[in-house]
Amino acid sequence: MIPVQRHLFDIPEDVAYLNCAYMGPLMKSVAAAAEEGARRKAQPWTIKPADFFETPERVRGLVAQLMNATADHIAIVPSASYGLAVAAKNLPVKAGEEIVLAADQFPSNRHIWAKIAAETGARLVLADGEDLTEAFVSCINERTSIVAAAACRWTDGRKIDLLEVSKACRQNNAALVLDLTQSLGAQPFSVSGIDPDFVIAATYKWLLGPYSCGVLYVADRHFDGEPLEEGWMNRAGAENFANLVDYSDTYRAGARRFDMGEVANFAALPAVASALAQINDWSVDNLYSTLSQRNLYLVERAKGLGLVPVSEIERAGHFLTLGLQDSAPADLVQRLASDNVYVSQRGRSLRITPHVWTTPSDEDRLFKALERHI
Ligand SMILES: Cc1ncc(COP(=O)(O)O)c(C=O)c1O
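Because the structure is predicted, anything quoted here is derived from the model rather than measured. (Residues numbered from 1 in each chain as written. Predicted model: local features only at pLDDT ≥ 70, side-chain atom pairs only at ≥ 80, totals over all residues. Heavy atoms only, no water.)

### Focus on empty space enclosed by the protein
1) Next: Summed over the entire model, instances satisfying the criterion amount to three cavities of 30 Å³ or more.
2) Next: By volume, the largest cavity amounts to about 70 Å³.
3) Next: As for the largest cavity, its lining consists of Ile2, Thr290, Leu291, Arg294, Asn295, Pro354, His355, Val356, Thr358 and Glu363.
4) Next: No other element matches the four residues that helix H9 (residues 284-303) contributes to the lining of the largest cavity.
5) Next: Across the lining of the largest cavity, the residue classes tally to four nonpolar, four polar and two charged.
6) Next: Quantified by volume, the second largest cavity comes out at close to 50 Å³.
7) Next: What lines the second largest cavity is Phe52, Phe53, Pro56, Glu57, Arg60, Met233, Asn234, Arg252, Arg256, Asp259, Met260 and Val263. (1 Å grid on protein atoms, 1.4 Å probe; cavity = no way out; pocket = protein on both sides within 12 Å on 5 of 7 lines; lining within 4 Å. Points joined across faces, edges and corners; volume = space filled by probe spheres on them. Helix = DSSP H or I, 4+ residues; strand = E, 2+ residues; numbered from the N terminus. Nonpolar A, V, L, I, M, F, W, Y, C, P; charged D, E, K, R; others polar.)

If you want it as structure tokens, here you go:
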């Protein structure tokens, strides 16, 4: 178990922030890295040409460590939607083929596939049910060309066994695209065994990083793919600023060709690196077992209030949702916020996602407020 780490965060004692699935807070050290980066831009002579490449490389290495890949497999992107657009551009789909998604999947991981389906004559197939793994596997067949999934559903925390889904993809020659925005950094994940085509995660939730940043894993078999943009930084030789008009016809190695333009964000990327280093230091295995154990304790207390969680077998440990009864007030989230308790509601589920900053007194504040308002 990782002990409570509240001292690393800028969260007042009387605020129970239980909403990592909405937005992870920056640690003080991460905010300091962002501030220092922003200040360097006030004195541009302190920014050297090498700085354009060194921080992105550091981020690639830290992300690779998180998912058991190599730095060559990692591109840096501005959002999950951007990464998903890269995936869609590089996965061929034909009329009559099927793209499998979860019902209620996050819009960034649905709109792009709906558009591709409309353009090509392919069909969207929605996997749904109590057991989402079984639902996905039963939808995958010889017509499936792409499966776009997550490790846990953003609305209710239902988990999806990606090894099982990957096996069904391989048996049917289907590509696998993963949006791990709601799990990477908190739930263990390794590309080995699963062998996905593309993996995307925005950094502003469980990776405890800034907004407008994301990371993209690209499998070797797509290293010769098409990027969304034709910038200068993802071309071989870009390090040599004096010779940029010797236009290079070759991209930089591996997944770097898929980097967003202006990838060397001098404020955001040092913050991403700082957050990832701390997460790797805690280790995702330790984070997952700590958060899972703490959430089990919340589940027991919630049952006393008649709030029913998704079953332990079907729920990802780091992600707690409680089914609300019909009698719960429509403005419950606002009422809880007025008591300095911050959670989300998605559909009829109250989404409660604490982290290592959460103290026992935050938990007491939550249950006192729930008793008052439901
Ligand atoms: C599952 C999931 N994917 C992606 C995102 C964010 O997407 P984007 O980076 O495209 O804004 C969210 C935000 O809530 C999410 O829950």
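### Observations concerning the sheet that holds strand S13 (residues 349-352)
Within a beta sheet, neighbouring strands are joined by backbone hydrogen bonds and run either parallel or antiparallel to one another.
1) Next: Taken together, the four strands give an open sheet; going across it, the order is S9-S10-S13-S12, and neighbouring strands pair in antiparallel fashion. The open sheet has two free edges, formed respectively by strand S9 (308-309) and strand S12 (344-346), since each of these has just one partner strand.
2) Next: Here S9 runs beside strand S10 (residues 320-323); their pairing, made up of two bridges, is antiparallel. Its bridge partner lying in S10, Pro309 is registered against Leu322.
3) Next: Here H9 sits on the sheet in contact with S9, S10 and S13, set at roughly 15° to S10. (Pairing = 2+ DSSP bridges. Contact = heavy atoms within 4.5 Å. Axes fitted to C-alpha atoms, helices over the stretch in contact; angles between N-to-C directions.)

### Thoughts on the site of the ligand
1) Next: The full set of residues close to the ligand is Ser79, Ala80, Ser81, Phe106, Ser108, Trp154, Asp179, Thr181, Gln182, Ala202, Tyr204 and Lys205.
2) Next: Lys205 places a side-chain nitrogen or oxygen 2.8 Å from an oxygen atom of the ligand.
3) Next: A total of 400 Å² of accessible area belongs to the ligand in isolation, and the protein chains cover 88% of it.
4) Next: In terms of residue class, the shell around the ligand is built from five nonpolar, five polar and two charged. (Near = heavy atom within 4 Å. Polar contact = N/O pair within 3.5 Å; in protein donor to acceptor, adjacent residues only side chain to side chain. Areas by Shrake-Rupley, 256 points an atom, 1.4 Å probe, with all protein chains shown as cover.)

### With respect to helix H6 (residues 162-171)
1) Next: For H6, every residue scored as buried is listed here: Leu162, Val165, Ser166, Ala168 and Cys169. Viewed along the axis of H6, the buried residues span an arc of 160°, placing them on a single side of the element.
2) Next: Residues of H6 that are buried make contact with helix H5 (132-139), strand S5 (144-149), strand S6 (175-179) and helix H7 (191-194).
3) Next: Following H6 by one or two positions, Asn173 adopts a phi angle in the positive range, close to 60°. (Buried < 20%, exposed > 50% of the residue type's maximum accessible area, 1.4 Å probe, protein only. Arc of directions from axis to C-beta.)

### Here we look at the packing of aromatic side chains
1) Next: This structure, assessed with the given rule, holds nine aromatic pairs.
2) Next: Centre to centre, the rings of Phe52 and Phe241 are 5.2 Å apart; their planes meet at 80°, and the pair counts as edge-to-face. In this pair, Phe52 is assigned in helix H2 (residues 51-67) and Phe241 in the loop between strand S8 (214-218) and helix H8 (268-282), connecting sequence segments 189 residues apart.
3) Next: Summarising the aromatic geometry, the rings of Phe52 and Phe266 are spaced 5.2 Å apart at their centres and angled 85° between planes, so their arrangement reads as edge-to-face. Taken together, the positions of Phe52 in helix H2 and Phe266 in the loop between S8 and H8 put the pair 214 residues apart, joining distant regions of the chain.
4) Next: One aromatic cluster is present, built from ring pairs that chain together Phe52, Trp232, Phe241 and Phe266. (Phe/Tyr/Trp six-rings, centres within 6.5 Å; stacked < 30°, edge-to-face > 60°.)

Limitation: the analysis is restricted to geometry and does not speak to function.
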